[in-house]
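# Results of the structural survey
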Amino acid sequence: MAKLIISFSNSLLNEVLLTQDSTTIGRGADNDIRIDNTLASTHHARVIQKGDQCFLEDLNSTNGTIINSEKVKTKELQDGDVIFIGKHELRFVKTEDSAEDDANFAKTILIRTSNNITPPTSNIPSAEPSEGGLIKIVSIVVGVLATVLGVYLFWKMRH
């Protein structure tokens, strides 16, 4: 069995098991995997499974599809290949087809808070926060402090 691990800016977005013979990827709502980004074409690419092999086919997308560092039209996927569609990364993982894998996948939990998504700790390469994540945290703290100060000054002026 194979799956795609989808991430954006080092944040895990989703893991999708490839259970169909053909899985479409793109910006359009009718795709099996939707990439919500203007750099993705409406129907950007698809993964085709033939036996135990998987192939990625670019569907004449405007910006092209890159696997690892190579722009491709059609290519057989290998375990660990990274597909780039716009700024989204889709890591191809080929797993052994077993009940244990299915049970472990069922235990996967994604915690969504606003636009931030916390991946399972086993997928985090480093305990250090990313620069983008730190900037978001600082921006939120500054926003909260500014709101509190504004409320305090309004209250002080009224009394």
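Residues numbered from 1 in each chain as written. Predicted model: local features only at pLDDT ≥ 70, side-chain atom pairs only at ≥ 80, totals over all residues. Heavy atoms only, no water.

## Examining the side chain of aspartate 58
So the rule is basically this: Helix and strand definitions here come from DSSP, where helices need a minimum of 4 consecutive H or I residues and strands a minimum of 2 consecutive E residues; each element is numbered from the N-terminal end. Here the term buried applies to any residue with accessible area under 20% of the maximum for its type, exposed to any over 50%, and partly exposed to those in between, with areas from a 1.4 Å probe on protein chains only. None of His or the chain ends enter the tally, which takes Lys and Arg as positive and Asp and Glu as negative. A pair is scored as a salt bridge if a Lys or Arg side-chain nitrogen falls within 4 Å of a carboxyl oxygen belonging to Asp or Glu. Polar contacts, as counted here, are pairs of nitrogen or oxygen atoms within 3.5 Å of one another; within protein the pair requires one atom able to donate a hydrogen and one able to accept it, and residues that are adjacent in sequence qualify only if both atoms are side-chain atoms. The criterion used for residue contact is that any of the two residues' heavy atoms lie within 4.5 Å.
Along the chain, aspartate 58 turns up in strand S6 (residues 53-58). For the buried aspartate 58, which has no salt bridge, the nearest side chain bearing the opposite charge is lysine 73, at an N-O separation of 4.1 Å. Separated by 3.0 Å, the side chain of aspartate 58 and the backbone nitrogen of asparagine 60 make a polar contact. Aspartate 58 has contacts with His44, Ala45, Gly64, Thr65, Val72 and Lys73, leaving out every residue within four places of it along the chain.

## Focus: the sheet that holds strand S4 (residues 33-34)
Here is the rule: Note: two strands are recorded as paired if DSSP finds a minimum of 2 bridges between them.
Spatially, S4-S3-S5-S6-S9 is the arrangement adopted by the five strands of the open sheet, whose pairing is mixed. Every other strand in the sheet has two partners, leaving S4 and strand S9 (74-76) as the edge strands with one partner each. The sheet contact formed by strand S3 (residues 22-26) and S4 spans two bridges and is parallel. Within S4, the position partnered with glycine 26 by the bridge is arginine 34.

## Notes on unusual backbone geometry
One non-glycine residue with positive phi stands out, namely asparagine 10, at about 60°. Looking at the secondary structure, you find asparagine 10 in the loop between strand S1 (2-8) and strand S2 (11-18). The backbone phi angle of asparagine 68 is positive, close to 55°, even though this residue is not glycine. Within the secondary structure, asparagine 68 is located in the loop between strand S7 (65-67) and strand S8 (70-72).

## A closer look at the nonpolar core
Quick note on the threshold: In plain words, nonpolar cores are sets of buried Ala, Val, Leu, Ile, Met, Phe, Trp, Tyr and Cys residues tied together by side-chain atoms within 4.5 Å.
Core analysis: the biggest nonpolar cluster contains 20 residues, and Leu4, Ile25, Val47, Leu56, Leu77, Ile83 and Leu90 have the highest contact counts within it. At the level of elements, S1, S2, strand S5 (45-50), S6, strand S10 (82-85) and strand S11 (88-94) are the ones that each hand at least two residues to this core. When residues of this core are assigned to their parent elements, the largest contribution, three residues, is made by S1. When near neighbours in sequence (up to four residues on either side) are disregarded, leucine 4 contacts Asn14, Glu15, Val16, Leu18, Ile25, Ile33, Val47, Ile83, Leu90, Arg91 and Phe92.

## Thoughts on the side chain of serine 41
Mapped onto the elements, serine 41 comes out in the loop between S4 and S5. Contact partners of serine 41, with chain neighbours within four places excluded, come to Gly26, Arg27, Ser61 and Thr62.

## What to know about the pairing of S10
Alignment of S7 against S10, held across two bridges, turns out to be antiparallel. By the bridge assignment for S10, isoleucine 67 is matched with isoleucine 83. Here four bridges tie S10 to S11, and the two strands are oriented antiparallel to one another. Looking at the pairing, phenylalanine 84 lines up with glutamate 89 of S11. Adjacent in sequence and paired antiparallel, S10 and S11 are bridged by two residues, among which glycine 86 carries a positive phi angle near 60°.

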